[in-house]
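Structural description and commentary
The chain contents come next:
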Amino acid sequence: MSLDVSPQLLAEAENGEVREEDFVETVRTSLPYAYDLVDRLVSELLSGTAEFTDNQTPPPSEKERGQLLRALSSDAIRRSLERHFGVTLAFQNCHRVAAFRPEARGGETYTRFTSLRSQILNQSPEFRDC
């Protein structure tokens, strides 16, 4: 299961729309490694002038890797994190997440990071089972 959804949040979803703040809080508590990683990348991005910041350090365990994969493979979770933090996220492999300024989407650096070529060049045998 990706998220630990409270009975209250489930009831809200069953009765209509869910407040995004409540959803993001559920993501934060359910997938703390993924949330904290994005938070760190955003802090680094906003404190500097780089076009993007990225993580190249593998997660400490499969538990954390699973959190990251669940967060970034879900459109709802990923888009909510992007709106919450005001960034565009890009993901290349089991742990290489990048935070870009929103206006970078479609730009040269973002396009290069998300290209087929970059995906291929960012592979290694240890990523086969992640």
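Structure shown above.
Residues numbered from 1 in each chain as written. Predicted model: local features only at pLDDT ≥ 70, side-chain atom pairs only at ≥ 80, totals over all residues. Heavy atoms only, no water.

1. Considerations on the pairing of strand β3 (residues 97–100)
The side chains of a regular strand alternate, residue by residue, between the two faces of the sheet. Heads up, the rule is: Buried residues are those whose accessible area, probed at 1.4 Å on protein chains only, stays under 20% of the maximum for their type, while exposed residues exceed 50% and partly exposed ones sit between those limits. Secondary structure is summarised from DSSP: a helix means a run of H or I of at least four residues, a strand means a run of E of at least two, and numbering begins at the N terminus for each. DSSP calls a pair of strands paired once it identifies at least 2 bridges connecting them.
Of the two faces of β3, the one holding Val97 and Ala99 and the one holding Ala98 and Phe100 are both buried throughout. Both strand β1 (residues 52–54) and β3 contribute to a ladder of three bridges, which runs antiparallel. Counterpart to Phe52 in the pairing with β3 is Phe100. Looking at chain direction, strand β2 (residues 88–91) and β3 are connected through four bridges and run antiparallel. What sits directly across from Thr88, in β3, is Phe100. Here β2 folds back onto β3, and the loop between the two strands holds five residues.

2. Focus: the packing of aromatic side chains
Put simply, the test is: Working definition: rings of Phe, Tyr and Trp (its six-membered ring) pair if their centres are within 6.5 Å, and the pair is stacked with planes under 30 degrees apart, edge-to-face with planes over 60 apart, and tilted otherwise.
Under the definition given, this model contains five aromatic pairs. Look at Phe100 and Tyr110: their rings are 5.1 Å apart centre to centre, the planes differ by 80°, and that puts the pair in the edge-to-face class. Linking Phe100 in strand β3 with Tyr110 in helix α6 (residues 108–113), this pair joins segments that are ten residues apart in sequence. One exposure class covers both Phe100 and Tyr110, and it is buried.

3. Here we look at helix α4 (residues 62–73)
Selection rule: Residue count minus one, scaled by 1.5 Å, sets the expected span of a helix. Contacts: residue pairs with any heavy atoms within 4.5 Å of one another. In protein, a polar contact means a hydrogen-donor-capable atom and an acceptor-capable atom, both N or O and within 3.5 Å, with residues adjacent in sequence counting only if both atoms are side-chain atoms; elsewhere, any N or O pair within 3.5 Å suffices.
Relative to the 16 Å expected for twelve residues at 1.5 Å per residue, α4 spans 16 Å between its end C-alpha atoms, a close match to the ideal helical length. Along α4, the residues classified as buried are Glu64, Arg65, Gly66, Gln67, Leu68, Ala71 and Leu72. Those residues of α4 that are buried lie in contact with α2 (20–30), α3 (32–46), α5 (75–85), β2 and β3. Between the side-chain oxygen of the N-cap and the backbone nitrogen of Lys63 there are 3.2 Å, and the N-cap of α4 in question is Ser61.

4. Digging into the nonpolar core
In globular proteins that are soluble, nonpolar side chains generally tend to be buried together. Under the convention used in this document: Buried residues of nine kinds, namely Ala, Val, Leu, Ile, Met, Phe, Trp, Tyr and Cys, make up a nonpolar core once their side-chain atoms join them within 4.5 Å.
Ranked by size, the top nonpolar core spans 23 residues in total, and within it Ile77, Leu81 and Leu89 carry the most contacts. Taken together, the elements giving at least two residues each to this core come down to α2, α3, α4, α5 and β3. Setting aside its immediate chain neighbours within four residues, Leu89 contacts Val38, Leu72, Arg78, Leu81, Glu82, Val97, Ala98, Ala99 and Tyr110. With six residues, the next largest nonpolar core counts Ala98, Phe100, Ala104 and Tyr110 among its residues.

5. A few points about the pattern of salt bridges
We count it as follows: In the sections that follow, a salt bridge refers to a side-chain nitrogen of Lys or Arg positioned within 4 Å of a carboxyl oxygen of Asp or Glu.
The tally for this structure, following the rule as stated, stands at ten salt bridges. Between Glu25 and Arg28 there is a salt bridge, with the nearest N and O atoms lying 2.5 Å from each other. Of the two residues, Glu25 and Arg28 both sit in helix α2, three residues apart, roughly one turn of that helix. A relative accessible area of 36% means that Glu25 is categorised as partly exposed. Taking the relative accessible area as the measure of exposure, Arg28 reaches 35% and is therefore partly exposed. In this structure, Arg79 engages Glu82 in a salt bridge whose closest nitrogen and oxygen atoms are separated by 2.9 Å. Taken together, the positions of Arg79 and Glu82, both in helix α5 and three residues apart, correspond to about one turn of that helix. Under the relative-accessibility criterion, Arg79 is labelled partly exposed at 32%. What you see here is one network of salt bridges that share partners, running through Arg19, Glu21 and Asp22.

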